[in-house]
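Here are the chains, one letter per residue:
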Amino acid sequence: MNDESRHCLCIPATPEDLPIKILDVNIVGNHVAGQFAVLFQQTLDFSTDASLALSRAETLLLYAWQELNTGKWSDVNFNWHKLYAAVSWLKAVATFRCRTTGESSTPPEVWLDIIKICDMGHLMGGDVWEGILLRTISAAEAKISELSPAVFAEPQRKKRTETVTICDVLHPIEELDRPSLAHFQATFLRLKRPLMLKGILETWPALSKWSPEYVRSICGSRTVPVELGKRYTDEDWGQELMTISAFIDKYIYMLDNPDKKIAYLAQHDLLSQAPLLRDDISMPDYIAFAGDDDPDMNAWFGPEGTVSPLHQDPKDNFLCQVFGEKYVRLYEESESEKVYPHESTMLFNTSQVDVEDPDLERFPKFAEAVFSDCILRPGDCLYIPPRCWHYVRSLSISFSVSFWFSEKLAG
């Protein structure tokens, strides 16, 4: 393996530069820890048979996968996440060794597979070895651009012909154009009053740059979890891992999707996967003024017709629209009894009512529930207070970024 390839794969000058003792033997057990140590040695010793390392890596990933998917995700010990992440990078290196020979140029397809392997490691395991998975992905993407700039070239697109009727706004949410930080905090944040903030995103490069094609050009090779179905409360709802490029083709442009099935890249931390997208936005100053400098950022990308059923979240939320339009309806927490939350533990924060087609025989009080609503357009930012019930339907191909934060009171 030449020096350039070693650099792209983030392989250190000597294996000792990567700490091997990153797992708690009391959690993963002596056998797994031992197999990990052997894999580490086999992968980074280039005199060994790479196919043996690849086979061992796949076995360890399967074992870690089973541990990660046993019981509640939140209850899984972080050592299993760390194992999955570390083994994924070792698998990427072993894969490269198996599929390349001599000093010849590495085909773009190999680098694409490296990205997919590392992406799965990052999605399931998170960070390890100072971000080695994301660093490897960035280097691999650079190699693909160098070797084959047309890998993500846009093919002929068949635009979706189905349209969604724009709904009327009946009880408009209050709007303000760039309110002062102090006024927003005292009048809306502290009192938990929703507000449409206009003009506060005008410095975002994303507003003029982003489109489905631009997103593809930046991160088309990245693997993401996609929700299949119109809404997560439907019986046929499911999830699937796919690349951004495949998602755009099938569900944004409806290629090879004759039934026009709907899917949604929802509540996903895409911006950490794609730093170039992250560079095109900035955290609204109102969040830092509230005392939270590390909000949870999520991307929401999908075709027209996606629905987030009426639900509530525990944190303050800035929902920022980059492109496309969405209809949003809000019900204050005081209306909770009238929106009929699910009684099940899993969906306790979600209403049983179909907001735009309610069954008033089953849910008669819903007709009395007071709400406010709006159309969210590019450049708009909607403040949604914690535990405020909200319903969202996309009216066109749409991309939003949400910031979940918590006010930290001083003194």
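Scope of this entry: the structure provided in the associated data block. (Residues numbered from 1 in each chain as written. Predicted model: local features only at pLDDT ≥ 70, side-chain atom pairs only at ≥ 80, totals over all residues. Heavy atoms only, no water.)

### Section: the side chain of Arg-231
Working step 1: Positionally, Arg-231 belongs in the loop between strand E3 (223-228) and strand E4 (238-243).
Working step 2: Not counting the four nearest positions on each side in its chain, Arg-231 is found in contact with Trp-237, Val-307, Pro-309 and Asp-354. (Helix = DSSP H or I, 4+ residues; strand = E, 2+ residues; numbered from the N terminus. Contact = heavy atoms within 4.5 Å.)

### Quick word on the sheet that holds strand E6 (residues 296-302)
Working step 1: Reading across from one edge, E1-E2-E11-E8-E13-E6-E5-E3-E4 is the order of the 9 strands in this open sheet, with mixed pairing throughout. The open sheet has two edge strands with one neighbour each: strand E1 (175-177) and E4. Averaged over all adjacent pairs, the angle separating strand axes in this sheet is 25 degrees, with direction ignored.
Working step 2: The pairing of strand E8 (residues 316-323) with strand E11 (residues 381-384) spans 4 bridges and is classified as antiparallel. Across the sheet, Cys-320 pairs through a bridge with Cys-381, a residue of E11.
Working step 3: Packing against the sheet, helix H5 (residues 108-125) makes contact with E3, E4 and strand E5 (263-268), and its axis sits at approximately 65 degrees to E3. (Pairing = 2+ DSSP bridges. Axes fitted to C-alpha atoms, helices over the stretch in contact; angles between N-to-C directions.)

### Quick look at helix H2 (residues 25-44)
Working step 1: For H2, with 20 residues, the first-to-last C-alpha span of 22 Å runs short of the 28 Å given by 1.5 Å per residue.
Working step 2: Among the residues making up H2, those that are buried are Val-28, Val-32, Ala-33, Phe-36, Leu-39, Phe-40, Gln-42, Thr-43 and Leu-44.
Working step 3: Contacts made by the buried residues of H2 are with helix H3 (50-68) and helix H4 (78-99).
Working step 4: One side-chain oxygen of the residue at the start of H2 lies 2.9 Å from the amide nitrogen of Asn-26, identifying that residue as Asp-24. (Expected span 1.5 Å × (residues − 1). Buried < 20%, exposed > 50% of the residue type's maximum accessible area, 1.4 Å probe, protein only. Polar contact = N/O pair within 3.5 Å; in protein donor to acceptor, adjacent residues only side chain to side chain.)

### Quick look at the sheet that holds strand E7 (residues 307-311)
Working step 1: Read from one edge of the open sheet, 4 strands run E7-E12-E9-E10, paired in antiparallel fashion. The open sheet has two edge strands with one neighbour each: E7 and strand E10 (372-376). When the angles between neighbouring strand axes are averaged without regard to direction, this sheet yields 15 degrees.
Working step 2: Where E7 lies against strand E12 (residues 389-394), 3 bridges are found, and the strand directions are antiparallel.

### Notes on the pattern of salt bridges
Working step 1: Tallying each qualifying case throughout the model produces 22 salt bridges.
Working step 2: Here Arg-377 and Glu-325 are joined by a salt bridge, their closest N and O atoms 3.2 Å apart. Here Arg-377 is found in the loop between E10 and E11, whereas its partner Glu-325 is found in the loop between E8 and strand E9 (326-331), with 52 residues between them in sequence.
Working step 3: Since its relative accessible area comes to 24%, Glu-325 is described here as partly exposed. (Salt bridge = Lys/Arg side-chain N within 4 Å of Asp/Glu carboxyl O.)

### Points about the environment of Ser-180
Working step 1: Positionally, Ser-180 belongs in the loop between E1 and helix H7 (181-189).
Working step 2: When its relative accessible area of 43% is taken as the criterion, Ser-180 is described as partly exposed.
Working step 3: Measuring from C-alpha to C-alpha, the distance between Ser-180 and Tyr-286 comes to 8.8 Å, with 106 residues separating the pair along the chain.

### Side note on the pairing of E6
Working step 1: Of all the 7 residues making up E6, 6 are buried; the element is thus mostly covered by neighbouring parts of the structure.
Working step 2: Strand direction decides the pairing type here: E5 and E6, joined by 2 bridges, are antiparallel. Note that in E6 the partner of His-268 across the bridge is Ala-299.
Working step 3: Pairing geometry for E6 and strand E13 (residues 398-405), over 7 bridges, is antiparallel. Paired with Phe-301 across the two strands is Phe-399, which belongs to E13.

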